[in-house]
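Fold and contact review
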Amino acid sequence: MTQTAKLSFPHPPSRPGVTPDFSYLKIPKAGTLAVPDVKMSVEDAAPYAHGLIRVLDGKGKAVGPWAKYLGDTGSAEILRRGLRDMLMMRAIDKRLQIAQRQGKTSFYIQCTGEEAIGCGFARMLSKGDMNFPTYRQQSLLVGSDYPLELMIGQVYSNSMDPLKGRQLPVLHSSREYGYFTVSGNLGTQYVQAVGWAMAAALMKDDGIAAGWIGDGATASNDFHGALLTASVYKPPVILNVVNNQWAISSCTGFAGGGKATYAERGLGYGIPSIRVDGNDYLAVLAASKWAIDRARGGDGPILIEWLTYRAAAHSSSDDPSVYRSKREAAAWPLGDPVERLKTHLILKDAWSQERHVQAEAEVLDEVRTVQKEVESHGTFVDPRPMPPADILRDVYAEMPEHLRRQRQQMGS
Amino acid sequence: MPSMTMIEAIRSAMDIMLERDNRTVIYGEDVGYFGGVFRCTAGLQEKYGQERVFDTPINESAIVGMAIGMAAHGMRPCVEMQFADYMFPAFDQISQEAARIRHRSNGDFTCPIVIRMPTGGGIFGGQTHSQSPEALFTHVAGLKVVQPSNPYDAKGLLISAMEDTDPVIFLEPKRLYNGPFGGDHSGQAIGWKQHPKGKAPAGHYRVPLGKANISRPGNDVTVLAYGTMVHVAEAAVKACGIDAEIIDLRTLLPLDLETIVTSVKKTGRCVVLHEATRTSGFGAELIAEVQEACFYHLEAPIVRVTGWDAPYPHAQEWDYFPGPERVTKALQQTLEA
Ligand SMILES: Cc1ncc(C[n+]2csc(CCOP(=O)(O)OP(=O)(O)O)c2C)c(N)n1
Ligand SMILES: [Mg+2]
């Protein structure tokens, strides 16, 4: 007998020089899905886990039940702030990516194309809620008005860095702004978010937790550990999957396997799950509001798959042109979040091309000014060394004897 | 003072902390309703309710990961790994997360958790119920690592661990749960009742972390041991009549180097014991520190007695276990050198 079984190997939408093909994604029309009750059970969630919550149609018009559900949350004023957040995020990424190229810092990660998700989600959270972000969720910080000088200081690892140079750039931490200290190890924080949410329920403090993970890292054990424990204890946690189609050079198929969406993985654990157009700022606001209300109301965990596209390189150490076509981002069927919100606001007469250009210049100027000030405290090309003995602080609450001896050996 | 087994002492510490500090939660596999496979949490769920003491899915990484999230939010989780052998799926959460949260967030977040786990052999558990992974933990900056050798210390150390603001690995030598064990596996099992350290106050007290205990004062050779090997050392010394000073380390990290160095400078000789495999074991660390601090006081090479560098066997457990004969031989060798 001859062996007839054949292995399958996932292939990306494009390779260098090959025309991008996103036909593996079925993109439903905007406005087709109803807004379910926040108490939605897992049995009723299938259309939401398989479909796609979208508000903005191809022309930039807000359509359907989720647009209505937004109500005042979708006011022109709020949307203009959202657009400004995204422009700010883009300006920060742009300036810091350049700074990395100039050797002023060792490393940087951009979130280009994914700005709507964090910028929008953060605007729907309340004080005391806690995100457990990945390295690519800095848009959450922008959406919670985190001081720019701290954000930039962290990337420069100088005396303005709230983390004293201990962490790789972009691995921010701020309890006050609901941003848990980011690990460089993928997946681990997903289950920590479940623990935080369990504590919130046990301590009855009304807060919720939000776990964040990339599509690639859903392959990790801790992704499944988090879904499992969330389904067992039902704490107020939102488990976010940012599906940006890539994990460095590996296409999403390596974590996605078969035809199921990431949201559908949640259903298997009995967790109501929804899939959302992550490049549609209005859909982000609406779905976030719905999910946060649900979690805070005590109706248990929820999983959100955000469909988006990693338009930039994985990191400053990556060159995507060696593994995917340069035309992929342009071919991405859900477009660009900034362009889509801009079009919507212009269509509503709440924005104009001139105001847009002006806003872009303003945020860039703001970032540049703060950046300059932060750079005056030192960069990798103009280093102002911090005391080496600081390495040994905060390893423990109190410095034990062996670290004291090592501090002496350091000579400081 | 009431007499207690090691199990009762550990349970009493958790009972007291559940009572005193409402931030305390206790959980793990079979820990809740049933009270743990070694019974360390028996009765606690009944007393404090399932929100304080509960069962978990069989996912060690999630058990520790949840504890990290809870602790960061202000709770005090004390969790159980059913056996130290099963901590490996959680090692990522322990070594990369729990141990570093304070440092990497510049103190913005902290991780006051205790991870209890039964360790060591002597119960015919084979290679997956007998391991001693302490050196894997002592190699991680940011952790504290504790291993008691008797009920009095176990209770006082566990209370200190649960009150500590840093993550503590609490290794419980399972062979000592029900009685002291000097390595004579053919003899009658003895309980903790007759042992002086088998008595402990019923209420709250602390045994400080980072402080060793001289369990037998002596002049001729210093023996460094922890957990079960403290009792093996005592049995060996009793049998051969050598005037050894036995130091029960109690906390491996941070190490009480001062007590060790004072003793070795006095005796000029040192024997290091552990049940774990030899190569890169915690004994290597002890010897390195002792030679650096006491080189000019040493009159003989420092000797290690450890488990062999092989997986812990099932049927040949007593050929593997570093029993009193091997310890006696090492003591004599050191004295004759
Ligand atoms: C446990 C672990 N394995 C591997 C890596 C190296 N690594 C860093 S990012 C990355 C890709 C992650 O992709 P995804 O989860 O989709 O997130 P994205 O970068 O797309 O935001 C890999 C493999 C890591 N940081 N941690
Ligand atoms: Mg990805």
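These numbers come from a predicted model, not from an experiment. (Residues numbered from 1 in each chain as written. Chains lettered and ligands numbered in written order. Predicted model: local features only at pLDDT ≥ 70, side-chain atom pairs only at ≥ 80, totals over all residues. Heavy atoms only, no water.)

As a further point, take the coordination of the magnesium ion (ligand 2). Residue and element names in this part refer to chain A. Protein coordination at the magnesium ion (ligand 2): the donors are D215 (OD), N244 (OD1) and W246 (O), at 2.0 to 2.1 Å from the metal. Donor residues for the magnesium ion (ligand 2), ordered by position in the chain, follow D-x28-N-x1-W. Here N244 and W246 have matching classes, each one buried. (Donors = N, O, S within 2.8 Å, 3.2 Å for Na, K, Ca; no water. Buried < 20%, exposed > 50% of the residue type's maximum accessible area, 1.4 Å probe, protein only.)

Take the site of ligand 1 next. All names here are of chain A. Close to ligand 1 lie 14 residues; Y135, R136, G184, D215 and G216 are nearest. The side chain of R136 places a nitrogen or oxygen atom 2.7 Å from an oxygen atom of ligand 1. Taking W246, its main chain carries an N or O atom lying 2.8 Å from an oxygen atom of ligand 1. Here the shell around ligand 1 is composed, by residue class, of 6 nonpolar, 6 polar and 2 charged. (Near = heavy atom within 4 Å. Polar contact = N/O pair within 3.5 Å; in protein donor to acceptor, adjacent residues only side chain to side chain. Nonpolar A, V, L, I, M, F, W, Y, C, P; charged D, E, K, R; others polar.)

A few words now on the sheet that holds strand β4 (residues 114–119) of chain B. Within a sheet, adjacent strands bond to each other through the backbone by hydrogen bonds, running parallel or antiparallel. Residue and element names in this part refer to chain B. Read from one edge of the open sheet, 7 strands run β2-β1-β3-β4-β6-β5-β10, paired in mixed fashion. A strand with exactly one partner marks an edge of an open sheet, and here the two such strands are β2 (53–55) and β10 (251–253). Averaged over all adjacent pairs, the angle separating strand axes in this sheet is 20°, with direction ignored. In the sheet, strand β1 (residues 24–28) pairs with β2 via 3 bridges, with the strands oriented parallel. Of the residues in β2, the one forming a bridge with G28 is D55. Packed on one face of the sheet, helix α7 (residues 151–163) meets β1, β3 (76–80), β4, β5 (144–146), β6 (168–173) and β10 and runs near 160° to β6. (Pairing = 2+ DSSP bridges. Helix = DSSP H or I, 4+ residues; strand = E, 2+ residues; numbered from the N terminus. Axes fitted to C-alpha atoms, helices over the stretch in contact; angles between N-to-C directions. Contact = heavy atoms within 4.5 Å.)

Residue and element names in this part refer to chain A. Under the domain assignment, chain A is made up of domain 1 (46–381) and domain 2 (386–412). Just the C-alpha atoms count here: the centres of domain 1 and domain 2 sit 36 Å apart. At the junction of the two partners, domain 1 supplies 6 residues and domain 2 supplies 4 residues. When domain 1 packs against domain 2, the two sides together hide about 380 Å² of surface, and 41% of this comes from carbon and sulfur. Joining domain 1 to domain 2, the criterion identifies 3 salt bridges. For the pair domain 1 and domain 2, the number of links is 4 residue pairs in polar contact (both at pLDDT 80 or more). (Domains from an automatic or database assignment. Buried area = accessible area lost by both parts, 1.4 Å probe. Salt bridge = Lys/Arg side-chain N within 4 Å of Asp/Glu carboxyl O.)

This brings us to the interface of chain A and chain B. Contact with chain A, which involves 44 residues of that partner, is made by 39 residues of chain B. Taken as a group, A:R175, A:L202 and A:Y396 account for 18% of the area that chain A buries against chain B, more than any other trio of residues on that side. Counting across the interface, chain A meets chain B through 0 salt bridges. Where chain A packs against chain B, one counts 22 residue pairs in polar contact (both at pLDDT 80 or more).

Our focus in this paragraph is the side chain of A:D318. Residues and elements named next belong to chain A. Here D318 is to be found in the loop between β7 (302–307) and α12 (328–331). A distance of 2.8 Å separates a polar side-chain atom of D318 from the backbone nitrogen of H314. Those residues in contact with D318, other than ones at most four positions away along the chain, are I248, R310, A313 and Y323.

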